[in-house]
Amino acid sequence: MSFTYDTEVALATAAALINTGRDDVDVLDTMEGLDTFLEQQRFSGSRTRTDAELHAVRALRIELGTLWFAEEDDVVEHVNRILRRTSALPQLVRHDEWDWHLHATAPEAPLADRMATEAAMAFVDVVRGHDLERLGSCAAPDCDGVVLDLSRNRSRRFCDTGNCANRTHVKAYRARKAGSG
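Residues numbered from 1 in each chain as written. Predicted model: local features only at pLDDT ≥ 70, side-chain atom pairs only at ≥ 80, totals over all residues. Heavy atoms only, no water.

**Side note on a nonpolar patch on the surface**
Part 1 of the argument: A surface patch of nonpolar side chains, about 340 Å² in accessible area, is lined by Leu92, Trp100 and Leu102.
Part 2 of the argument: Here Leu102 shows up in strand E2 (residues 98-103).
Part 3 of the argument: Since its relative accessible area comes to 39%, Leu102 is described here as partly exposed. (Patch = residues over 30% accessible without salt bridge, like charges linked within 9 Å, V, L, I, M, F, W, Y side chains within 5 Å. Areas by Shrake-Rupley, 256 points an atom, 1.4 Å probe, with all protein chains shown as cover. Salt bridge = Lys/Arg side-chain N within 4 Å of Asp/Glu carboxyl O. Helix = DSSP H or I, 4+ residues; strand = E, 2+ residues; numbered from the N terminus. Buried < 20%, exposed > 50% of the residue type's maximum accessible area, 1.4 Å probe, protein only.)

**Brief notes about the pattern of salt bridges**
Part 1 of the argument: Going through the model one piece at a time under the given rule, you end up with 15 salt bridges.
Part 2 of the argument: When the shortest N-O distance is used, the salt bridge between Arg81 and Glu77 registers 3.1 Å. With a gap of four residues between them, Arg81 and Glu77 both fall in helix H4 (residues 72-85), about one helical turn apart.
Part 3 of the argument: By relative accessible area, which is 37% here, Arg81 ends up partly exposed.
Part 4 of the argument: On the basis of relative accessible area, Glu77 is assigned to the partly exposed category, the value being 46%.

**A closer look at helix H2 (residues 31-40)**
Part 1 of the argument: Looking at H2, one finds that the buried residues are Met31, Gly33, Leu34, Phe37 and Leu38. Viewed end-on, H2 has its buried residues packed into an arc of 155 degrees, placing them on one side of the element. Facing away from the buried side of H2 by over 90 degrees, the exposed positions are Glu32, Glu39 and Gln40.
Part 2 of the argument: Here the buried face of H2 lies against helix H1 (5-19), helix H3 (51-68) and helix H5 (111-128).
Part 3 of the argument: Where H2 terminates, the next one or two residues include Arg42, which has phi positive at roughly 55 degrees. (Arc of directions from axis to C-beta. Contact = heavy atoms within 4.5 Å.)

**Some remarks on empty space enclosed by the protein**
Part 1 of the argument: In total, this model carries one cavity of 30 Å³ or more according to the counting rule given.
Part 2 of the argument: A volume near 60 Å³ is recorded for the largest cavity.
Part 3 of the argument: What lines the largest cavity is Ala10, Thr13, Ala14, Leu17, Phe43, Leu60, Leu64, Met115, Glu118 and Ala119.
Part 4 of the argument: Listed by contribution, the elements that provide at least two residues to the lining of the largest cavity are H1, H3 and H5.
Part 5 of the argument: A per-class count over the lining of the largest cavity returns eight nonpolar, one polar and one charged. (1 Å grid on protein atoms, 1.4 Å probe; cavity = no way out; pocket = protein on both sides within 12 Å on 5 of 7 lines; lining within 4 Å. Points joined across faces, edges and corners; volume = space filled by probe spheres on them. Nonpolar A, V, L, I, M, F, W, Y, C, P; charged D, E, K, R; others polar.)

**Describing unusual backbone geometry**
Part 1 of the argument: Its identity is not glycine, yet Arg49 carries a phi of approximately 55 degrees, on the positive side.
Part 2 of the argument: Along the chain, Arg49 turns up in the loop between H2 and H3.
Part 3 of the argument: In this structure Arg49 comes out as partly exposed when scored by relative accessible area, which is 43%.
Part 4 of the argument: Phi is positive for Asp96, which is not a glycine, with a value near 45 degrees.
Part 5 of the argument: With respect to the element layout, Asp96 can be found in the loop between strand E1 (91-95) and E2.

Now the structure itself:
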């Protein structure tokens, strides 16, 4: 199954948000970190730039991290809870460089609500497509990042947060060389 572009973007943003807290350095530790994250993810809409907004996004990161690995029935229950909590009302919109896509909250809704709703709407498509196995964890033994596998053959194993794939392959190569020498 292939997802619509806005679903893929929302899933990638959710994965990126979850992965902001995976290292010793929390990317969302400061308002500037949140600003950078939102700019990198091209996230639009109003901002309050308050500590409450920052804390709400950090809480959402934990919520989405739990949702990422949940069983289907739990995902459905949690997604429905998010959609009710944020009073989601899906609408087609077109803005900036984006063609028609869904927004389910007003642009002036709180940032964490908009982010939660976009992620929830993307999870709706994942559940409906029976594609929860596309949401996983990084195969690198020293990484706890999440992986969004949008490949056709469902072969993606490593996260986008660093060089996990390269590091793991180099380590395996060196182990093979040491064993054959």
